[in-house]
Amino acid sequence: MKARLRCAEGKLLNIFRHCKGDASETGIVQFCESVMSLNETRASYPTHKFTNAGKDTECLVPFSSDIKFNLFIRDMKKDDQNLRVYMKGAPERILGRCSKILVNGEQIDFTEELRAKVAKANSDFGKLGERVLACAFCDLPADKYNKDSYQFDVKTWKNWGLKNKTVADYADVEGSFPMHDLTLVGVVSLNDPPRPKVDLSVQKCRSAGIKVIMVTGDQPPTAAAIAHKVNILKHPLKEFNYMVKELGMTEEEAWNQSTGVVVHGDLLAEKHLKEENLAEDDPNKGQFLQEWIAKPEVVFARTTPSQKLLIVDACQKAGHVVAVTGDGVNDSPAIKKADIGIAMGSGSDVAKNAADMLLLDDNFSSIVNGVEEGRLIFDNLKKSIAYTLSSNIPEITPFIFFIVFQVPLPLSTVLILCIDLGTDMIPAISFAYENPELDIMDRVPRNSKLDHMVNTKLISFAYFQIGVIQASAGMYTYFIILNDYGIRPSCVWNLALNRGPIPAKTDIYNANDTTGRLSRFGNTRYGTLDGILGNTLAERETKMDGDEFEENTISLSWDYIKNGKIDIRLFYAYKSADSDSVRDADSWTTCRWSPHPDVKDHPDFYKYSHNTENWPICYSIEALKYAQSGYLVSIVCVQWADLMICKTRNLSLSQQLMINNFGNFGLFFETALVAILLYVPFLNVALGTRQIAFPHFAVPSFSFYIAIFFYDELRKMWLRQGMVREAGRLKLKGWIVQNTYY
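As the structure is a computational prediction, the values presented were derived from the model and not from experiment.

Details of the sheet that holds strand S7 (residues 106–109)
Taken together, seven strands build an open sheet; the order of strands is S3-S4-S5-S8-S9-S6-S7 and the sheet is mixed. Single-partner strands in this sheet number two, and they are strand S3 (60–61) and S7. The pairing of strand S8 (residues 131–140) with strand S9 (residues 182–190) spans seven bridges and is classified as antiparallel. Bridge pairing in S9 links alanine 134 to valine 187. Its contacts with the sheet place helix H2 (residues 23–33) against strand S5 (83–89), S8 and S9, and it is angled at close to 100 degrees to S9.

In structure tokens, the structure reads:
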């Protein structure tokens, strides 16, 4: 099967055949395959091998980022020649090793004039953003380099072939072969264009406050041209080296005016070597590198793996969170050192193992998309927390009022659970599906040491701004419903714990019945207290705290229905120790919906409670259950507004729009759920809810819904005015943006 596949692949065009290697090697192979058959050529001129200690050794020097070239020794037997050294690599590494040049098939001296022409061609190609490789060869004489007996030193060649300048310097070294005095064949220019939309992604990073530093093995002109294409070097005319060489500025003047710099790896190595003896804690060590990376636009060219580590370390010391991308073995140390190591899916296994993240599509734009997705997740978590925390204040306020002011409890614990585990669940989850805000990639990166998920600004927003308004909506609804059922707001203070005798079933409230030492208002059983309380105020004050008074009186069970048929006007009619009635006739008001049987102007559930066998709601403890249910609905109502304002942190809702379908469903869900909790009869018994009148369903709290919405829109408008971009960075100016932008 493999043979058939290879045969079928051989019939394809060169550009569609699988080619193993990096981009440069692939480009050269596909080009040459169009001119000659590479398989036949390789077979005709095989790599020379020699036998040493029973092992065959291929005569080649593989490419590495340190030497920046590779070398082969080929057998030229087909051309009736001995052996030939072929060298290919970076022009600055090859040209210095050449003493001749091949012109029209003839080898002539590589004069200074010809060197200048080749250097200019190299520079011109580089400025076009093309990768340039130089190729050279040297024929080996058979009398010295006998293919059958000579042992080529391809293992320790660096000891003699790296620093010397001519062949004569190492001609007597055993195993040596010419690596200088070569003949230059020419230079090859390859166009390796950036991937589509990389320039847009880099610009997106720049807007987001993310600095992109280019670290490449290409020569400086090529690196600068490619950096300009992808928006890393946006102002090539303000690049430091250009201003010095082309504009004739002094280095100090050019440095002060330049916005970018292209640094050669050799210069980095030279400066680092000078500081090698400095202590690690010396503030001057690496200062030159800090100055380079402080420039807005930075490109490092012809770098080695060790230099990449230096660059990453310098960025981390400057306080930056560093992400490094790469695909080769040489990139793996820097990938490992970085805070976020990113390897290409097509890269080496070493790079993949060192990385924290793999890019399966080998696309830089995917990194930017990942940054945006990460910011979106962080944003949405903040929004969900802000939404959830806001309802804590209206949930705790009823208990504060109950403890401090002793009012009948405005919201029961069961109904709090209905909010936390019911109505708020889907809306809170819906923020996970919220779309990113339009300016999400225009913000500067957050400071992980200061900008936490839940900070004081978020708590202030949720608790002391929105939460207070929501609590006000709940308490307003509570008082409105009690008032509609005959209990004035002024009546409920200190009412929850008052004790009194249960009136007779035949007793009827009479506001004019104030005769006798104790005010009865129609309660015939208050006479039983005459002998208990005594005649003087001092006696009453003492005996109302005694056991006999406790045994003959009760405290109304506001949370239960067993006292649901008691007229509370009768119950709270007796006089207290200071001779004032606990609640006099002015404490009560007329019911909004008359419970009289002859009045049929409203539905019966407005006036009667089925939980107390259709007993009137007016002037009974059932009114509290209706007020608690109204409080529950009011929280749901103001949470509508909370959900909409939490969709954005600083943009208007008109910019974000209601396009999160899951969030829209959340609005419907919490409304439908609270309606079910209130109007399904058996749930009234289980949860203590009631079928409140429709004018009480979100109507009293709707004005607070409007207040929350417009308050936050106004806050965000002032907040956006305080966001000013200076020198490419977003600055927060003004009290509102500095203290309310969570």
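And the narrative resumes.
Quick word on the pairing of S7
For strand S6 (residues 98–103) and S7, the ladder comprises four bridges, and the chain directions are antiparallel. The partner of leucine 102 across the bridge, within S7, is glutamine 107. Connecting the antiparallel pair S6 and S7 is a turn made up of two residues, with asparagine 104 showing a positive phi of about 55 degrees.

A word on the pattern of salt bridges
The final tally for this structure, using the stated rule, is 27 salt bridges. The shortest N-O distance in the salt bridge between lysine 308 and aspartate 331 comes to 2.4 Å. Here lysine 308, found in helix H13 (residues 305–317), pairs with aspartate 331, found in the loop between strand S13 (323–326) and helix H14 (332–337); they are 23 residues apart in sequence, far enough to count as distant. The same class applies to lysine 308 and to aspartate 331, which are both buried. Among the salt bridges present, the one from arginine 592 reaches aspartate 484, with a minimum N-O distance of 3.1 Å. With arginine 592 in the loop between helix H24 (568–571) and strand S18 (608–609) and aspartate 484 in helix H20 (residues 456–484), this pair connects stretches of sequence that are 108 residues apart. What makes aspartate 484 buried here is its relative accessible area of 10%. One salt-bridge network, in which partners are shared between bridges, spans Asp379, Lys383, Glu437, Asp439, Arg443 and Arg649.

Things to note about H20
Over its 29 residues, H20 extends 40 Å from the first C-alpha to the last, a length consistent with the 42 Å expected when each residue adds 1.5 Å. Positive backbone phi, approximately 95 degrees, marks glycine 486, located one or two places after H20.

Notes on the packing of helix H11 (residues 265–274) against H13
Closest axis-to-axis distance for the H11/H13 pair is 11 Å, and the angle between their directions is 70 degrees. Taken together, H11 and H13 sit at an angle that is classed as roughly perpendicular. Facing Gly265, Leu268, Ala269 and His272 of H11, the residues of H13 in contact are Gln307, Leu310 and Ile311. Residues of the contact of H11 with H13, tallied by class, amount to four nonpolar, three polar and no charged.

Focus: helix H27 (residues 661–679)
Compared with the 27 Å implied by 1.5 Å per residue over 19 residues, the 27 Å span of H27 between its first and last C-alpha is a close match. Burial in H27 covers these residues: Gly663, Gly666, Leu667, Glu670, Leu673, Val674, Leu677 and Leu678. With its buried residues spanning 140 degrees around the axis, H27 presents them on a single face. Exposed and facing more than 90 degrees away from the buried side of H27 are Asn661 and Phe668. Of the surrounding elements, those touching the buried residues of H27 are helix H16 (364–390), helix H18 (413–423), helix H19 (425–430), helix H25 (622–645) and helix H28 (681–687). The N-capping residue of H27, defined by a side-chain oxygen 3.1 Å from the backbone nitrogen of phenylalanine 662, is asparagine 660.

Points about the packing of aromatic side chains
A complete count under the given rule lists 36 aromatic pairs for this structure. With 5.3 Å between their ring centres and 85 degrees between their planes, tryptophan 160 and phenylalanine 177 make a pair best called edge-to-face. Here tryptophan 160, found in helix H6 (residues 158–161), pairs with phenylalanine 177, found in the loop between H6 and S9; they are 17 residues apart in sequence, far enough to count as distant. The exposure class of phenylalanine 177 is buried, given its relative accessible area of 0%. Ring centres of tyrosine 485 and tryptophan 593 lie 6.1 Å apart, and the angle between their planes is 55 degrees; on these two criteria the pair is classed as tilted. Note that tyrosine 485 is positioned in the loop between H20 and strand S16 (499–500) and tryptophan 593 in the loop between H24 and S18, a separation of 108 residues in sequence.

Rules of the game
- Residues numbered from 1 in each chain as written.
- Predicted model: local features only at pLDDT ≥ 70, side-chain atom pairs only at ≥ 80, totals over all residues.
- Heavy atoms only, no water.
- Pairing = 2+ DSSP bridges.
- Helix = DSSP H or I, 4+ residues; strand = E, 2+ residues; numbered from the N terminus.
- Contact = heavy atoms within 4.5 Å.
- Axes fitted to C-alpha atoms, helices over the stretch in contact; angles between N-to-C directions.
- Salt bridge = Lys/Arg side-chain N within 4 Å of Asp/Glu carboxyl O.
- Buried < 20%, exposed > 50% of the residue type's maximum accessible area, 1.4 Å probe, protein only.
- Expected span 1.5 Å × (residues − 1).
- Parallel < 35°, antiparallel > 145°, perpendicular 65-115°, else oblique.
- Nonpolar A, V, L, I, M, F, W, Y, C, P; charged D, E, K, R; others polar.
- Arc of directions from axis to C-beta.
- Polar contact = N/O pair within 3.5 Å; in protein donor to acceptor, adjacent residues only side chain to side chain.
- Phe/Tyr/Trp six-rings, centres within 6.5 Å; stacked < 30°, edge-to-face > 60°.

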